[in-house]
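# Residue-level structure breakdown
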Amino acid sequence: MSPHSDSHGHGHGHHEEHNHGSLKSYTIGFIISIILTVIPMLVVFNGLMSRTGTLLVILVTAILQLLVQLFFFMHINEGEKPRYNVMALVLGFVIVITIVAGSVWIMSFNSVVQ
Amino acid sequence: MLDSIKDFAADFFVTGDPLIYGADVSIALVSIAIVFVLTYFKKWKWLWREWLTTVDHKKIGIMYLIASLLMLFRGGVDALLMRTQLALPNVEFLQADHYNAIFTTHGTIMILFMAMPMMFALFNMVVPLQIGARDVAFPFLNALSFWLFLMGAMLLNVSFVIGGSPDAGWLSYPPLSELSGSPGVGQDFYIWGIQISGIGSLATGINFIVTILKMRAPGMKLMKMPLFSWSVLSACITILFAFPILTITLALLFLDRYFGAHFFTLDGGGMSMMYVNLIWMWGHPEVYIVVLPAFGIFSEIVATFSKKTIFGYKSMVFAMMVISVLSFFTWVHHFFTMGSSADVNSFFAITTMAIAIPTGVKVFNWLFTMFRGRISFQSPMLWTMGFIPCFLVGGATGVMLAVAPADFQYHNSYFLIAHFHQVLIGGVVFGYLAGIYYWWPKLFGFKLDEKRGRWAFWTWNIGFYVCFFPQYFLGLDGMTRRVYTYGWDRGWAALNFTSTIGAFMMGIGFLFQVWQIAYSVRKGERATGDAWGGNGRTLEWSIPSPPPVYNFAVVPQVKHADDWFHVKEDKAKGIERPKQQLEPIHMPKNSAIPFVMASFFFLVGFGFTFHWTWMIIVGALGVFGSLFARSFSYDVDYYIPVDEVIETERKLGRSY
């Protein structure tokens, strides 16, 4: 592609050299995310921990996994203003909390019934 | 050998019902006719080059439109079959299991394969033109979204003649949709049809968010953006957060069915109500996803045809954003009767009623815009006027349903059926039809005939009320949804018969529209750029109809909201905006990869449906191969030289 001035971007082809991460950061992210997947799998398949312990391990590795995805692959800390990605993330968290907490609240009828 | 082929065919094809043999014959005849016509007129190359590989948002929009109208026809025929069965007591037109399959496919097709693509058709046809862009942010992804949708839709539709249709209701509640309740392949067609088209929907949501945030013409601040584009933005934000929930829920159901997991089964620790909880977290935002763009369409039409600026622009924007976020906090009202605690039900009853507030604001704004306007009643405005009372009644019955204790009486009765058809037909279908009438001349270069349009409008509208008002009373008389027949002793015969008459009137209204289009293709009035009597207000009316491939010869410099209106006003005062220099235009190249990749997705879905591992592997390899091919294709764009732009514009009667 020949270099040219592209004032209002057509969205195909990235002309400006944005910092979209290097091979090194992608490799590190990939390895960490694999490790974070393997840990809970080993714990579950081999029954290494108690029920509470297993749930805790899954929860912690899941949250770490989320952070790895956000920083190594989604480049959440890059980009200029306005910070659409931060706004989207905040709304995302609100909705995730609604889904999880809401489901727990709604489905607790089961324990009431039994 | 012959016997085993016979056995296979008997399982593979749906047999035993004359209606289905009729469908087999008509599908075969239509396919042969299409192949014949394409070959006879030597149109295969044209089809491939102009349509199957296109990445032009206008053409993709037109393909979405055609597909959604076909799906409207299929879903409508389903509806008429049901109404025929219910017209009188003890009719033996459809058997119980066939009736189950028909109401399931009617619902699934109308929401996911009619409303969604018709919405995407309008997104594609209008948004880039309205914000002064030359295409969407990711044209390749846009084409891929369309083909994924189409392959998903085909997968669901093919179940009619191959393998058997899904019949567990449009949202497939377990345990009925589990292997124990639905051992056939219909449910797998349902899962894979929706999953594959769901990837497309999510991608379209992302695509249009980026398009609207990043590709507006210079000077068009967000608060100067036309309201339809705002409605698309709010709908896409909702898509972004709602569709992953659907994907996960159906993936869990798939794990249950395919690998014997127990997420939603009755035994093994599963909880089927969790599915209902999850699916409505998508399902409720989904109805707002489809209705928000309709609100945007009405805002454009009301302003144009009242020849006034929209009343309360800021409150319109605010109302839409509030609706798109609030829509995530109301889902329990679909299952108040599940037996959650009173706290839960009260909370969700109140959030549901709260949504009526921003919606009411919008209705008043439309009315105030019309107030003292010089309204011209052409098709788009007619449908808008039809929408307001219809949606109002639908909204009011919605608030009735939102009262949790009362809902125990209405739940799953025909009262509910009448309510949601009133908001979905009165709001979404009327809205999209209004939008199609409004932007048709822009996309196709000719107007749709008004006379036949009026016939269609009145048969649709009167038919609607004749069909659905009796259903409120049927519901109050105790008729529940999904019954396939009833006895004379229930006293429902007269109301049901009336309802069936109304349904057929709407069917006739649809036929009038088909006639209207066919008539207008030959005799329609030629449309100018500013097709509605020069009253257009937004940028799409500043360019020729139909627009050239690059939309805007020069990217407009926006100064005001409703910029085109101001340009015309200035011109009348003798103030001309300075002419801009033409530059070579950067455009995306066509690509066959979206079509090929989506076809492989179809194989994956079909393979999973029939447990054919070899086909899954072939399909998956194809999908990854396509991704690989795309990653290494660098020749994806080109420039249109200035001379060619000048020549194209000259042919369209514009000089530079």
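Quantities reported herein were computed from a predicted structural model and do not represent experimental measurements.

### Looking at the overall build of chain A
Assigned secondary structure in chain A consists of four helices and zero strands. Order of helices (α) and strands (β) in chain A, N terminus to C terminus: α-α-α-α. Buried residues in chain A amount to 21% of all 114 residues. Contacts in chain A between residues far apart in sequence, at least 24 positions, make up 49% of those at least 6 positions apart. By element, 73% of the accessible surface of chain A is carried by carbon and sulfur atoms, the whole surface being about 8200 Å².

### Here's the deal with the pattern of salt bridges
Residues and elements named next belong to chain B. Tallied over the entire structure, the rule returns eleven salt bridges over all chains. Residues Asp 563 and Arg 577 are paired through a salt bridge, measuring 3.1 Å at the closest nitrogen-oxygen approach. Of this pair, Asp 563 sits in helix H17 (residues 563-572) while Arg 577 sits in the loop between H17 and strand E1 (585-588), placing them 14 residues apart in sequence. Asp 563 gets classed as buried once you look at its relative accessible area, which sits at 5%. Judged by relative accessible area, Arg 577 falls into the partly exposed class, the value being 23%. Arg 650 is paired through a salt bridge with Glu 647; the nearest N and O atoms lie 3.0 Å apart. Taken together, the residues span about one helical turn, with Arg 650 and Glu 647 both in helix H20 (residues 642-651) at a distance of three residues. Overall, Arg 650 belongs to the exposed group, its relative accessible area being 53%. Glu 647 gets classed as partly exposed once you look at its relative accessible area, which sits at 34%.

### Considering the packing of aromatic side chains
All names here are of chain B. Enumeration over the complete set of coordinates arrives at 80 aromatic pairs over all chains. On the numbers, 5.0 Å between centres and 20° between planes, the contact of Phe 8 with Phe 12 is stacked. Of the two residues, Phe 8 and Phe 12 are both situated in helix H1 (residues 2-12); the distance of four residues between them amounts to about one turn of the helix. Taking 5.7 Å as the distance between ring centres and 70° as the angle between the ring planes, the aromatic pair formed by Phe 120 and Phe 123 counts as edge-to-face. Remark: Phe 123 and Phe 120 occur in helix H5 (residues 96-130); sequence separation between them is three residues, near one turn of the helix. Taking NZ or CZ as reference, Lys 43 lies 5.1 Å from the ring centre of Trp 46, over its face. Against the face of Phe 565 rests Arg 537, its NZ or CZ located 4.2 Å from the ring centre.

### Here's the deal with unusual backbone geometry
Working note: non-glycine residues mostly have negative phi, and peptide bonds are mostly trans. Residue and element names in this part refer to chain B. Pro 175 follows Pro 174 through a cis peptide bond whose omega is 5°. Mapped onto the elements of the fold, Pro 175 is located in the loop between helix H6 (139-158) and helix H7 (186-214). Residue Pro 546 follows Ser 545 across a cis peptide bond; omega there is -15°. Within the element layout of this structure, Pro 546 appears in the loop between helix H16 (493-523) and H17.

### Some thoughts on the pairing of E1 of chain B
Residue and element names in this part refer to chain B. The alternating pattern of E1 places Ile 585 and Met 587 and His 586 and Pro 588 on opposite faces, both of which are buried. Of the strand pairs in this sheet, E1 and strand E2 (residues 637-640) are connected by four bridges, and their pairing is antiparallel. In the strand pairing of E2, Pro 588 is matched with Asp 637.

### Let's talk about a nonpolar patch on the surface
A cluster of nonpolar side chains, Phe 30, Ile 31, Ile 34, Ile 35, Val 38, Ile 39, Leu 42, Leu 48 and Met 49 of chain A, forms an exposed patch at the surface whose accessible area comes to about 830 Å². By relative accessible area, which is 47% here, Ile 31 of chain A ends up partly exposed.

### Comments concerning the state of the cysteines
Residue and element names in this part refer to chain B. Under the counting rule described, the total for this entry stands at zero disulfides over all chains. With no disulfide partner, Cys 390 has as its closest neighbouring cysteine sulfur the one in Cys 467, 11 Å distant. Its relative accessible area of 0% is what places Cys 390 among the buried residues.

### Focus: H17 of chain B
Along an α-helix, residues three or four positions apart point the same way, because every turn accommodates 3.6 residues. All names here are of chain B. Every buried residue of H17 is accounted for by Asp 563, Trp 564, Val 567 and Asp 570. Relative to the axis of H17, the buried residues are bounded by an arc of 120° and lie together on one face. Gly 574 occupies a position one or two residues after H17 and carries a positive phi of about 90°.

### Some thoughts on the interface of chain B and chain A
Between chain B and chain A, the contact holds 37 residues from the first and 25 residues from the second. Both sides together, the interface formed by chain B and chain A hides about 2600 Å², and carbon and sulfur atoms give 74% of it. Sorting the residues of chain B by area buried against chain A places Phe 241, Met 271 and His 586 of chain B first, and these three jointly supply 19% of that buried surface. Our count for the contact surface shared by chain B and chain A stands at two residue pairs in polar contact (both at pLDDT 80 or more).

### Looking at the environment of His 411 of chain B
All names here are of chain B. Residue placement: His 411 occurs in the loop between helix H13 (404-410) and helix H14 (414-444). Judged by its relative accessible area of 26%, His 411 is partly exposed. Between the alpha carbons of His 411 and Asn 124 there is a distance of 37 Å; along the sequence they are 287 residues apart.

### Side note on the side chain of Ser 231 of chain B
Within the fold, Ser 231 of chain B resides in helix H8 (residues 227-259). Not counting residues up to four positions away in its chain, the partners in contact with Ser 231 of chain B are Leu 292, Pro 293, Gly 296 and Met 320 of chain B.

### Notes on the packing of helix H3 (residues 84-107) of chain A against H8 of chain B
Relative orientation of the contacting elements H3 of chain A and H8 of chain B amounts to 40°, with a least axis distance of 11 Å. By the criterion of interaxial angle, the relationship of H3 of chain A to H8 of chain B is oblique. Along this stretch, H3 of chain A crosses H8 of chain B, giving a crossing that reads as right-handed. Residues Ala 88, Leu 91, Gly 92, Ile 95 and Ile 99 of chain A of H3 of chain A form the contact with H8 of chain B, whose own contacting residues are Ile 237, Phe 241 and Ile 245 of chain B. Grouping the constituent residues of the contact of H3 of chain A with H8 of chain B by class yields seven nonpolar, one polar and no charged.

### Section: the confidence of the model for chain A
All names here are of chain A. In the predicted model, chain A carries a mean pLDDT of 78, and 74% of its residues have values of at least 70. In the model of chain A, helix H4 (residues 109-113) stands out as the element of lowest mean pLDDT, 62, in contrast to helix H1 (residues 23-46), which has the highest, 92. Low pLDDT, under 50, characterises residues 1-17; the stretch is placed with 27 contacts to residues that sit more than four places away or in other chains.

### Remarks on the side chain of Ser 272 of chain B
Residue and element names in this part refer to chain B. As for its placement among the helices and strands, Ser 272 is situated in helix H9 (residues 272-306). Residue Ser 272 is classed as buried on the basis of its relative accessible area of 12%. Filtering out sequence-adjacent residues up to four positions away, Ser 272 remains in contact with Pro 174, Pro 175, Phe 264, Thr 265 and Leu 266.

Parameters and conventions
- Residues numbered from 1 in each chain as written.
- Chains lettered and ligands numbered in written order.
- Predicted model: local features only at pLDDT ≥ 70, side-chain atom pairs only at ≥ 80, totals over all residues.
- Heavy atoms only, no water.
- Helix = DSSP H or I, 4+ residues; strand = E, 2+ residues; numbered from the N terminus.
- Buried < 20%, exposed > 50% of the residue type's maximum accessible area, 1.4 Å probe, protein only.
- Contact = heavy atoms within 4.5 Å.
- Areas by Shrake-Rupley, 256 points an atom, 1.4 Å probe, with all protein chains shown as cover.
- Salt bridge = Lys/Arg side-chain N within 4 Å of Asp/Glu carboxyl O.
- Phe/Tyr/Trp six-rings, centres within 6.5 Å; stacked < 30°, edge-to-face > 60°.
- Lys NZ or Arg CZ within 6 Å of the ring centre and 35° of its normal.
- Pairing = 2+ DSSP bridges.
- Patch = residues over 30% accessible without salt bridge, like charges linked within 9 Å, V, L, I, M, F, W, Y side chains within 5 Å.
- Disulfide = S-S within 2.5 Å.
- Arc of directions from axis to C-beta.
- Buried area = accessible area lost by both parts, 1.4 Å probe.
- Polar contact = N/O pair within 3.5 Å; in protein donor to acceptor, adjacent residues only side chain to side chain.
- Axes fitted to C-alpha atoms, helices over the stretch in contact; angles between N-to-C directions.
- Parallel < 35°, antiparallel > 145°, perpendicular 65-115°, else oblique.
- Left-handed = near helix turned anticlockwise from the far one by under 90°.
- Nonpolar A, V, L, I, M, F, W, Y, C, P; charged D, E, K, R; others polar.
- pLDDT = per-residue confidence, 0-100.

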